[in-house]
Every structure is written in structure tokens, then in C-alpha cells.
Amino acid sequence: MPKTPAARSTSIAGLLTATSLVLAVSGCATYDVTAPADARADAPAAAVKEKDARLAADADGRNGAGKNEPGKNAPAEGGDGAGSDVDCRKAKCVALTFDAGPSENTDRLLDILKKEQVHATFFMLGKNHVDKRPAEVKRIDAEGHELANHTWSHQILTEIDPAEAKRELSRLQDAVHKITGKTPRLMRPPQGRTDGEVSRISKELGLAQVLWSVTAKDYQTNDSALITKRVLEQTRRDGIILLHDIYQGTVPAVPGILKELKKRGYTVVTVSQLLSPAQPEPGMVYRP
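Bear in mind that the values here come from a model prediction, so they are computed numbers and not experimental data.

### Structural notes on the state of the cysteines
Under the definition given, this model contains one disulfide. Put simply, Cys88 and Cys93 are joined by a disulfide, and their sulfur atoms are 2.2 Å apart. Residues Cys88 and Cys93 share a disulfide whose torsion about the S-S bond is about -90 degrees; that sign makes it left-handed. Cys93 shares its class with Cys88; the two are buried.

Here's what the structure looks like:
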């Protein structure tokens with residue numbers, strides 16, 4: 001599949017902007033990076049036409065028999081929310097993501113998201129999470145959130161054998177599919193560490209890679225007020241917020257974060273909604 005014009009070739013040693021496609025530079029494997037806004041801008045014409053037709057149909061439905069109540073729009077297959085009427089080409093969007101769950105906090109988080117009529121992307125771990133909490137995985141999917149991959153046991157993919165890295169990703173894929181009948185299209189490498197080999201494996205497994213622009217470092221503190229402050233200070237349009245639903249201070253911070261983001265004019269979306277009308281490209285690294 002040809003790369004989009006917005007893709008940037010990036011070496012293992014760092015995120016180095018270049019104009020070429022994926023090449024070997026000074027003996028180092030490279031991988032492609034693009035920003036959500038660039039992905040949207042370079043979406044194929046057919047995808048743009050389909051998106052616009054869906055938006056028009058949604059608008060007709062709202063103006064008709066009172067359908068499409070707020071927060072009731074059904075997500076597309078895969079739990080990515082792509083079937084809803086959010087248009088991040090026009091709206092001031094930010095993606096909300098949660099890593100390393102599900103956990104004992106996830107149901108409470110889902111209650112909050114349901115009340116606020118917000119969908120998020122869940123980058124889930126397998127060992128001691130998905131395998132222990134299939135009910136939460138089913139609920140994440142059933143309530144229209146996006147199912148995503150954060151590996152089976154949080155091994156650093158750039159530090160292990162490629163065959164083991166592939167198992168870390170494919171085992172989570174299989175587990176989620178067994179529970180929900182759906183297979184994630186997005187993955188987040190632990191610690192955000194990727195390289196050309198991880199990108200190759202991700203492409204083979206049909207996974208796009210998603211980094212972030214906002215981190216509350218909630219693994220360092222249970223102070224919900226501090227978590228809220230950090231998120232709000234860093235959030236910009238087309239950003240991707242990284243939080244963890246495994247830490248005790250994070251979920252209590254979410255209502256305040258959402259309230260203030262909405263007050264500032266943000267529409268909170270899933271990662272796939274942020275990219276739409278583009279589709280996540282396997283192997284690509286998405287980074288605001």
C-alpha cells in the first residue's frame with residue numbers, strides 16, 4: 001500500500017523528519033509517522049465521499065423523526081465510533097485514550113463516560129487484565145468504545161525477539177476477538193517505543209500504532225487534581241490524551257477533565273474518529 005504524502009520517515013534513533021518513503025538510512029530501519037490532521041487531509045477521495053454521505057444521512061435523521069439522540073449513535077464494526085456524526089475536519093477534536101486495563105476501576109470509568117456521552121479508545125493489556133476481566137471488555141465494546149492493543153504482558157517490543165514481539169501483539173488480538181468477535185486495528189507500544197521491525201510486525205498484523213501528545217503521568221501520582229491540571233495544560237486540537245484506568249487517582253479526575261474540555265469547545269472522540277475520513281493504516285505511527 002503506498003504511503004500518504006504526509007508520512008514522515010523516522011529512524012530508530014529518533015523522530016527524524018524526511019520527505020522520502022520508508023528506506024534504510026545509514027543502516028537503520030525506518031518507519032513512517034503522520035499526524036491525525038495530515039491523515040485526514042490525505043484520505044482517499046472515496047473515503048471522503050463516504051464520510052460526507054454519512055454526515056448528510058445523520059443530519060437528515062436528526063432533522064426527521066427525532067432519531068440519532070445525543071450519545072445514541074451506534075459505532076461502526078470494530079467499536080471505533082466511525083459511524084457517528086463527528087467530523088474532526090471541522091470540530092475541535094481531541095482523542096481520549098486509556099492504557100493498561102481493564103481493571104477494577106473500569107466499570108466506574110465506563111459509568112462516567114456513559115453519563116457524559118463520550119467514547120474513548122482502550123489500549124488493553126492481556127495478562128491479568130483482558131484474560132481476568134472479559135465482562136469489562138464486553139462492556140467496553142457494547143457501549144461503543146474502541147478496542148485497542150497494548151500487548152499481552154507489556155514487554156518493550158524493541159527489546160525482545162521479533163517473534164516474541166509478534167506473539168505479544170497477536171495473543172491480545174486473539175483474546176479480544178474471542179470475547180467480542182472483533183479484532184483491534186490500533187496498538188500502542190509500551191512506553192511508546194517502536195522501530196522499523198515493530199512497524200513491520202504491526203503491518204503484518206493489521207495494526208496501526210498510536211502515540212500521544214498529552215500525558216498526566218498518572219503512574220506517578222494519585223492526586224486527581226494534579227492529573228486534571230496536567231491534562232488541561234497540554235491539550236490542543238487534534239491531540240491524543242494518554243491516561244491509565246488502572247491507577248486510583250485517574251478515574252476520579254475524568255469528570256473534571258471532560259467538563260473543562262467541553263467548556264473549552266473540544267469534542268472528545270476515539271482515535272479512529274480523530275483520523276476519519278482516513279482509515280488507520282497498518283504499520284503507520286500516528287503522533288500529533
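### Concerning the packing of helix H3 (residues 106-116) against helix H5 (residues 134-142)
Two numbers describe a pair of packed helices, the interaxial angle and the distance between the axes. Orientation of H3 relative to H5, taken along the N-to-C sense of each, is 15 degrees, at an axis distance of 10 Å. Classified by the angle between their axes, H3 and H5 sit roughly parallel to one another. When the axes of H3 and H5 are compared, the crossing they make is left-handed. Across the interface between the two elements, Thr106, Asp107, Leu110 and Asp111 from H3 touch Glu136, Arg139 and Ile140 from H5. Here the contact of H3 with H5 is built from residues that sort into two nonpolar, one polar and four charged.

### Structural notes on the pairing of strand S9 (residues 240-244)
Of all five residues that make up S9, five are buried, and the element is covered over most of its length. Alternating positions in S9 separate into two faces, Ile240, Leu242 and His244 on one and Ile241 and Leu243 on the other, with burial throughout. In the sheet, strand S3 (residues 93-99) pairs with S9 via five bridges, with the strands oriented parallel. Considered in S9, the bridge of Phe98 is made with Leu243. Here two bridges tie strand S8 (residues 214-215) to S9, and the two strands are oriented parallel to one another.

### Quick word on the pairing of strand S2 (residues 30-34)
A large share of S2 lies buried, amounting to five of its five residues. Of the two faces of S2, the one holding Thr30, Asp32 and Thr34 and the one holding Tyr31 and Val33 are both buried throughout. Pairing of S2 with strand S11 (residues 285-286) involves two bridges; the strand directions are parallel. Bridge assignment links Val33 to a residue of S11, and that residue is Val285.

### Here's the deal with the packing of aromatic side chains
Applying the stated criterion across every chain yields a total of one aromatic pair. With a centroid separation of 5.5 Å and an interplanar angle of 25 degrees, the aromatic rings of Phe98 and Phe122 are classed as stacked. Separated by 24 residues along the polypeptide, Phe98 in strand S3 and Phe122 in strand S4 (residues 121-124) bring together distant segments of the chain. By relative accessible area, Phe122 is classed as buried at 2%. One cation-aromatic arrangement involves Lys92 over Tyr266; the distance from NZ or CZ to the ring centre is 4.3 Å. Taking NZ or CZ as reference, Arg188 lies 4.3 Å from the ring centre of Phe123, over its face.

### So, the pattern of salt bridges
This structure, assessed with the given rule, holds 18 salt bridges. For Asp107, the salt bridge identified is with Arg139, shortest N-O distance 3.1 Å. Here Asp107, found in helix H3, pairs with Arg139, found in helix H5; they are 32 residues apart in sequence, far enough to count as distant. Residue class for Asp107 comes out partly exposed when judged on its relative accessible area of 32%. Put simply, Glu116 and Lys262 hold a salt bridge, and the shortest N to O gap is 3.3 Å. Of this pair, Glu116 sits in helix H3 while Lys262 is found in helix H9 (residues 250-263), placing the two residues 146 residues apart along the sequence.

### Comments concerning the side chain of His244
Along the chain, His244 turns up in strand S9. What makes His244 buried here is its relative accessible area of 10%. Excluding its chain neighbours within four sequence positions, the residues that come into contact with His244 are Phe98, Asp99, Ala100, Asp218, Tyr219 and Thr250.

### Concerning the environment of Val94
When you line up the elements, Val94 lands in strand S3. For Val94, a relative accessible area of 0% gives the class buried. It is 6.1 Å that separates the C-alpha atoms of Val94 and Val269, two residues lying 175 residues apart in sequence. Contact partners of Val94, with chain neighbours within four places excluded, come to Thr235, Arg236, Gly239, Ile241, Leu261, Tyr266, Thr267, Val268 and Val269.

Rules and cut-offs
Residues numbered from 1 in each chain as written. Predicted model: local features only at pLDDT ≥ 70, side-chain atom pairs only at ≥ 80, totals over all residues. Heavy atoms only, no water. Disulfide = S-S within 2.5 Å. Buried < 20%, exposed > 50% of the residue type's maximum accessible area, 1.4 Å probe, protein only. Axes fitted to C-alpha atoms, helices over the stretch in contact; angles between N-to-C directions. Helix = DSSP H or I, 4+ residues; strand = E, 2+ residues; numbered from the N terminus. Parallel < 35°, antiparallel > 145°, perpendicular 65-115°, else oblique. Left-handed = near helix turned anticlockwise from the far one by under 90°. Contact = heavy atoms within 4.5 Å. Nonpolar A, V, L, I, M, F, W, Y, C, P; charged D, E, K, R; others polar. Pairing = 2+ DSSP bridges. Phe/Tyr/Trp six-rings, centres within 6.5 Å; stacked < 30°, edge-to-face > 60°. Lys NZ or Arg CZ within 6 Å of the ring centre and 35° of its normal. Salt bridge = Lys/Arg side-chain N within 4 Å of Asp/Glu carboxyl O.

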